[in-house]
Amino acid sequence: ITDKLRLGIRLDYQGVREDNYNLNDRDAEDRTDHRFAVRGELIWLPSDRFYTLFGFQYQKLLRDDEEDGVLEPEDWRLREAYGYVRDVGIGGLDLQVGRQDFDEDREWIYDELLDAVRSNYSLGDWSLELSASTVLADGSPRNEATDNFIGYLSRTNDDTHLAAYVVDRRSDILDEYPIHFGVRALGEWIPDNEVWLEGSLLRGYNDTTDLRGWGMDVGTTWSPGFLDPLYFNVGYAYGSGDPSPDDDRDERFRQTGFQDNTDKLGGVTSYKYYGELMNPELSNLGVLTLGIGARLGKRNSLDLVYHEYRQAEAEAFQFNTD
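About the cut-offs
- Residues numbered from 1 in each chain as written.
- Predicted model: local features only at pLDDT ≥ 70, side-chain atom pairs only at ≥ 80, totals over all residues.
- Heavy atoms only, no water.
- Salt bridge = Lys/Arg side-chain N within 4 Å of Asp/Glu carboxyl O.
- Buried < 20%, exposed > 50% of the residue type's maximum accessible area, 1.4 Å probe, protein only.
- Helix = DSSP H or I, 4+ residues; strand = E, 2+ residues; numbered from the N terminus.
- 1 Å grid on protein atoms, 1.4 Å probe; cavity = no way out; pocket = protein on both sides within 12 Å on 5 of 7 lines; lining within 4 Å.
- Points joined across faces, edges and corners; volume = space filled by probe spheres on them.
- Nonpolar A, V, L, I, M, F, W, Y, C, P; charged D, E, K, R; others polar.
- Phe/Tyr/Trp six-rings, centres within 6.5 Å; stacked < 30°, edge-to-face > 60°.
- Lys NZ or Arg CZ within 6 Å of the ring centre and 35° of its normal.
- Contact = heavy atoms within 4.5 Å.

### Topic: the pattern of salt bridges
Then comes step 1: In total, this model carries 22 salt bridges according to the counting rule given.
Then comes step 2: Taking the shortest distance from any N to any O, the salt bridge between Glu 251 and Arg 249 comes out at 3.5 Å.
Then comes step 3: Exposure remark for Arg 249: the relative accessible area of 39% places this residue in the partly exposed category.
Then comes step 4: Here Lys 272 makes a salt bridge to Asp 260, at a shortest N to O gap of 2.9 Å. With Lys 272 in strand β18 (residues 271-272) and Asp 260 in the loop between β16 (249-250) and β17 (262-263), the pair connects residues that are twelve residues apart, well separated along the chain.
Then comes step 5: Overall, the relative accessible area of 18% leaves Lys 272 in the buried class.
Then comes step 6: Taken together, the shared-partner salt bridges connect Glu 104, Arg 106, Arg 184, Glu 198, Asp 217 and Asp 263 into one network.

Here is the structure:
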């Protein structure tokens, strides 16, 4: 718009048809969705050290459901609204205040819009990010009732990323205090391989129950030059279960609640790497993943992915899954 004011607009359409979704002809489960969305971002850059961003979204859904009839909900939402200041007091210390997107490459820890005060200090390859956050409006009931404290220490170069983190979520309303301690190693630690290694301990408590779970995810995308444009994925993820659900100790692993579990894994766009259909949270579950893909030019790729699921402890339900 001007040298200091920029506007971006994105239009999205998504169509989904679910036919006999539960494989039971006696139960009406057919559904057709048409989802239209307009997203925009307005950025003001008055100086090299400071900028503000406002992001908004309008969404309309046209749903024809065999059981519930025709629905047409629509929604306006302020996605992001923050100010960003560079070199606050000392060089390398940045401050970001307002509603902002917490995101990381694998979205195993978080991909969430939070109202936060967030600082980031960088020194060479090292970076320390600290934040305090909540959700003031337009969030899930849990997120609006929870205060979050996140610390993320990392070392990044051109090929690798090594990090340790803490995600502390506290809710007096829900009497819930889970704390995640984690480490991760991502990148080309082995030639021709994009490796991921995630490990997390869950501690804290929920009401009178102690939380004592653990989870891990390890794998690689192998892209050998002699088989270009093919690449291969293999991975295994595990979230502990609770062998004694009737005591005051819960050993079932849960992710942070901010996760999205999506990544590109060699292709052009990301997908749910624990399964597009099942899309489970990594809790009381082992997931074996095998995949083969091909880059069909710069803008296209094709992936074939296989998942095998096993519960850590046999239960009649699976926690937080589609």
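### Notes on empty space enclosed by the protein
Then comes step 1: Per the stated rule, a full pass over the model turns up two cavities of 30 Å³ or more.
Then comes step 2: What the largest cavity holds in volume is close to 60 Å³.
Then comes step 3: Those elements giving two or more residues to the lining of the largest cavity turn out to be β15 (230-239) and β19 (285-295).
Then comes step 4: Of the residues forming the lining of the largest cavity, the biggest block, five residues, is contributed by β15.
Then comes step 5: The residue makeup of the lining of the largest cavity, split by class, is eight nonpolar, three polar and one charged.

### Section: the packing of aromatic side chains
Then comes step 1: Applying the stated criterion across every chain yields a total of twelve aromatic pairs.
Then comes step 2: Here the aromatic rings of Tyr 177 and Tyr 205 are separated by 4.8 Å at their centres, their planes lie at 35°, and the arrangement is tilted. You can see Tyr 177 sitting in strand β11 (residues 176-190) and its partner Tyr 205 sitting in strand β12 (residues 193-206), a full 28 residues away along the chain.
Then comes step 3: Measuring from ring centre to ring centre gives 5.1 Å for Trp 214 and Tyr 238, while their planes differ by 35°; the resulting arrangement is tilted. With Trp 214 in strand β14 (residues 213-222) and Tyr 238 in strand β15, this pair connects stretches of sequence that are 24 residues apart.
Then comes step 4: Taking NZ or CZ as reference, Arg 106 lies 4.5 Å from the ring centre of Tyr 273, over its face.

### Quick notes on the environment of Glu 107
Then comes step 1: Tracing the chain through its elements places Glu 107 in the loop between β6 (93-103) and β7 (111-123).
Then comes step 2: On the accessibility criterion, Glu 107 (10% relative accessible area) is buried.
Then comes step 3: Residues Glu 107 and Asp 260 lie 153 residues apart in sequence; the distance between their C-alpha atoms is 5.3 Å.
Then comes step 4: Setting aside residues up to four positions removed in sequence, Glu 107 forms contacts with Gln 259, Asp 260, Asn 261, Thr 262 and Tyr 273.

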